[in-house]
Amino acid sequence: MQLTIRVAKSAGFCFGVSRAVGMVEGMLDRGERVCTLGPVIHNPRLVAELGARGAAVVDMPEQVPPGTAAVIRSHGVPRETYDRLRDAGVRVADATCPFVAKIHRIVADPAYEAVLIAGDPRHPEVEGIRGHCAVPSFVFSDRRELRQILAEHPALRTQKLAVVAQTTFHAELWTECSEFLKKVYTNAIIFDTICSATSVRQREAKELASESDFMVIVGGRQSSNTRKLYTVCAEICPSALVEGADELPLGKLRRAGRIGVTAGASTPARIIKEVLNTMSGLDNDNN
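A few points on the structure. (Residues numbered from 1 in each chain as written. Predicted model: local features only at pLDDT ≥ 70, side-chain atom pairs only at ≥ 80, totals over all residues. Heavy atoms only, no water.)

1. Considerations on the nonpolar core
Heads up, the rule is: The term nonpolar core refers to a set of buried residues drawn from Ala, Val, Leu, Ile, Met, Phe, Trp, Tyr and Cys, joined through side-chain atoms within 4.5 Å. Remark: exposure states derive from per-residue accessible area (1.4 Å probe, protein chains only) relative to the maximum for the residue type, with buried under 20%, exposed over 50%, and partly exposed in between. In this text, helices come from DSSP runs of H or I with a minimum length of four residues, and strands from runs of E with a minimum of two, each type numbered from the N-terminal end. Between two residues, a contact is recorded if the distance between any of their heavy atoms is within 4.5 Å.
Counting residues in each nonpolar core, the largest one holds 20 residues, and the members touching the most others are Leu116, Phe140, Leu146, Trp174 and Tyr185. Of all elements in the fold, only strand 6 (114–118), strand 7 (137–140), helix 6 (143–152), strand 8 (161–165) and helix 7 (171–184) reach the threshold of two or more residues within this core. In terms of residue count, helix 7 provides more of this core than any other element does, five residues in total. Those residues in contact with leucine 146, other than ones at most four positions away along the chain, are Leu116, Phe140, Cys177, Phe180, Leu181 and Tyr185.

2. Quick notes on the sheet that holds strand 2 (residues 34–37)
To be explicit about the condition: Only when DSSP finds a minimum of two bridges between them are two strands counted as paired. For helices, the fitted axis covers only the stretch in contact; all axes are lines through C-alpha atoms, and the angles between them, taken along N-to-C directions, range from 0 to 180 degrees.
Reading across the sheet, the four strands line up as 3-2-4-5 and stay open at both edges, with parallel pairing between neighbours. Bordering the open sheet on either side are strand 3 (56–58) and strand 5 (92–94), each of which pairs with just one other strand. With direction set aside, neighbouring strand axes in the sheet form an average angle of 30 degrees. Relative to strand 3, strand 2 runs parallel, the two sharing three bridges. Bridging from a neighbouring strand, threonine 36 pairs with valine 57 of strand 3.

3. Let's talk about the environment of glycine 67
Summarising the element assignment, glycine 67 is placed in the loop between strand 3 and strand 4 (69–72). Judged by its relative accessible area of 71%, glycine 67 falls in the exposed class.

4. Observations regarding the environment of arginine 201
To keep things clear, this is the line we draw: Under the rule applied, a polar contact is a pair of N or O atoms within 3.5 Å (in protein, one hydrogen donor and one hydrogen acceptor; residues adjacent in sequence only if both atoms are side-chain atoms).
One can find arginine 201 in helix 8 (residues 196–210). C-alpha of arginine 201 to C-alpha of alanine 93: the two residues are 108 residues apart in sequence and 28 Å apart in space. Ignoring sequence-local partners within four residues, the contact set of arginine 201 consists of Ser10, Ala11, Gly12, Phe13, Cys14, Asn225, Leu229, Thr262, Ala263, Gly264 and Ala265. A distance of 2.8 Å separates a polar side-chain atom of arginine 201 from the backbone oxygen of glycine 12. For arginine 201, the side chain forms a polar contact with the main-chain oxygen of alanine 263, separated by 3.1 Å.

5. Let's talk about the pairing of strand 7
Applicable threshold: If the strands point away from the viewer and the path from the first strand over the helix to the second runs clockwise, then the crossover is right-handed.
Residue alternation in strand 7 divides its side chains into two sets, Ser137 and Val139 and Phe138 and Phe140, and both sets are buried. Direction of pairing for strand 6 relative to strand 7: parallel, over a ladder of four bridges. Bridge pairing links leucine 116 to phenylalanine 138 in strand 7. Following the chain from strand 6 across helix 5 (residues 124–130) to the adjacent parallel strand 7, one finds a crossover that is right-handed.

Distances and angles like these do not, on their own, reveal function.
What follows is the structure, given as structure tokens:
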């Protein structure tokens, strides 16, 4: 069987991730002492590489060693974290994605009476967003949870609400939830905060999956946008999420004729290349 491999045009680093990684690498190149508050991006292999160069990962501002700059990762952090860093006298390099920072500005407006956030409440981006809210906030992941919030907090129907989404939220779910919100929350102001790169990436993945026998999604398992790519693809054809070439399901790939490849926004180009090189070898095996 002749093997064909197609790669999504949008696979790999998005603007925010590229900016964050570039910031850390630049500081290391200049010989600065650097640590990051949490992994700078959700890709364990790249984080390990930066760690080998000296970029330690800490969980709290109080853990930043003296004389070390703290990098705020691309997902952003709560307002309180900035205050703690300032109080500790720590020099800060802010690598928050500009699209995430825009959400922070929206929810910090005290003119709203409540904020609704579409996303994963345990994801650091959502935790950071909630940490900038000037008013009570509620998180939902689908329309069912939206209905539940309305049932438990009926006063929201008449309050002035700001509604935002995690930048990597599932695009189709966001559309569904937005339509529901327009019917139920008459005073809701809906901000379309899903990153355009996320929407494009999900759309391309869906189209590629529909034309493939097997999809390979490359990226960190802790990456929200990578997991969503896997979910989108797996609904259409057999799929695998791998962090590197060593995790490829070679047996399944050998039985596939058409393989599609995409990658999360925090996946370095070199890892994608390694995956493609390994699969190219499968093509040679079939000749």
